[in-house]
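Coordinate inspection notes
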Amino acid sequence: MLDPLWLVLLGVGTGFLGGALGLGGGFILVPVFHIVFKWSLIESVAASQFCILATSLSSAQRYLTGGNVNVRLGVVLESTTIAGAALGATIAHAVPELAILVIFAAITTVAGIRMWTPSLVDTEDNPAPPSRNRLAIGAGASGIVGVAAGLLGIGGGVLKVPILHFFLGEPMRRATATSAYMIGLTAAASAAVYYGRGDLDLTKGGIVALGILLGSHLGAASQAHIPVKVMKRVFSIILLVLAIRMVGKALGW
Amino acid sequence: MIELKHIYSVGRAIAAVSLLVGVMAQYLGGPIGLGASAKTISGAGLTVGLLALGLTPIFGLAAEGTGWLRSRSTDAVGWLAVSLAIALSLLWWLG
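First, a word on scope: everything that follows refers to the structure included in this document. Model, not experiment: these values are computed from the prediction.

Considerations on the overall build of chain A
Looking only at helices and strands, one finds 10 helices and 0 strands in chain A. Going from the N terminus to the C terminus, chain A shows its helices and strands as α-α-α-α-α-α-α-α-α-α. Against the 2.2 N^0.38 benchmark of 18 Å for 253 residues, chain A shows a C-alpha radius of gyration of 17 Å, consistent with a compact globule. Counting only C-alpha atoms, chain A reaches 55 × 45 × 30 Å along its principal axes.

Quick notes on the overall build of chain B
Within chain B, the secondary structure is distributed over 3 helices and 0 strands. In chain B, the succession of helices and strands from N to C terminus is α-α-α. Overall, the C-alpha framework of chain B stretches about 55 × 30 × 10 Å when taken along its three principal axes. Scored against the burial criterion, the 95 residues of chain B give a buried share of 39%.

Observations regarding the interface of chain B and chain A
Taken together, the contact pairs 35 residues of chain B with 34 residues of chain A. Looking at the side of chain B that touches chain A, the elements with two or more residues in it are α1 (4-28), α2 (37-66) and α3 (76-94) of chain B. If one sorts the elements of the side of chain B that touches chain A by residue count, α1(B) sits on top with 14 residues. Here the side of chain B that touches chain A is composed, by residue class, of 23 nonpolar, 9 polar and 3 charged.

Side note on unusual backbone geometry
With glycine set apart, most residues show a phi of negative sign, and most peptide bonds adopt trans. All names here are of chain A. If you check the backbone angles, K38 has positive phi at about 65° while not being a glycine. Summarising the element assignment, K38 is placed in the loop between α2 (26-36) and α3 (41-66). Take K38: there are 9 C-beta atoms within 10 Å of it, and that puts it in the exposed class.

Some details on the packing of helix α9 (residues 202-222) of chain A against α2(B)
Interhelical geometry of α9(A) versus α2(B) gives an angle of 60° and a closest axis separation of 10 Å. Relative to α2(B), the element α9(A) is oriented oblique. For the element pair α9(A) and α2(B), the recorded crossing hand is left-handed. Within the contact between the two elements, α9(A) uses A:L202, A:T203, A:G206 and A:A209 and α2(B) uses B:L46, B:T47, B:G49, B:L50 and B:L53.

Thresholds applied
Residues numbered from 1 in each chain as written. Chains lettered and ligands numbered in written order. Predicted model: local features only at pLDDT ≥ 70, side-chain atom pairs only at ≥ 80, totals over all residues. Helix = DSSP H or I, 4+ residues; strand = E, 2+ residues; numbered from the N terminus. Rg over C-alpha atoms; globule rule 2.2 N^0.38 Å. Buried ≥ 20, exposed ≤ 12 C-beta atoms within 10 Å, placed from the backbone. Contact = placed C-beta atoms within 7 Å. Nonpolar A, V, L, I, M, F, W, Y, C, P; charged D, E, K, R; others polar. Axes fitted to C-alpha atoms, helices over the stretch in contact; angles between N-to-C directions. Parallel < 35°, antiparallel > 145°, perpendicular 65-115°, else oblique. Left-handed = near helix turned anticlockwise from the far one by under 90°.

This is how it looks when you write it as structure tokens:
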């Protein structure tokens, strides 16, 4: 009975941080499933995609209520991201585990460092819509993000937000909200592939997802009481530790 | 008027209840005397939970794309949304 309890607690903790910071949580879940619970890497990635669906449903609902989601832009970018996510999940079995671990550790490190950097301040609430060329390049980049998300078991928000903000000119809070909306669709594509191939253990994933649904609710409610900066620092430290462990795992330490 | 956020709220609620039933039946079904039905209830609860999580964004995409949520005629992005919803549904169906 110990394992399910730990899985619920992992879900609550990840959901709490995800709900408070608007993140999918895949960066925490995959290494913990793989290193702590000793699940295979593919099983960890598949379960993570299932859990990201739970996080994104909660956060997208909250952002949609706030009215900050640019649904039209999200739909356009998802046309390539969904295809990329399905492709990433499909080729996951063919990619060497070492490569997945190294790529995962690299992106986790970037995400961890990004948490330490100060948040960007919005300067314009209603920017001009991006040109067709920028939109096409943004969609192409989103497709690559989709492949990474499907392959690594992450939502890809850490890469989507910069594309939306820096390249397509969305204000930061709208970029974050649109990314949260997009993450659910990306995860739906790759989770379908992993589920169909039998990589997903419904019981284990279900327990964590249940914890996430509870934790994300608590995390969203706690936003007014716990400083976001503190939570970002905690999340950053967790990410960097996990990145080191993933590199260790890749090197056979 | 129904909005996208309402679809997400309902999907989340269905997922939470189904997963709770599935997990409870899995671990407490035996002790409370559900016997062989515990496995069936657990499997059903977890599957419905998974489908609620996976299909809610797809349903939202289709509803938004067709203009059903805003009672307006659809445009190019709307049709793209509907196409994506159909593609994702097929992915789940074939999976």
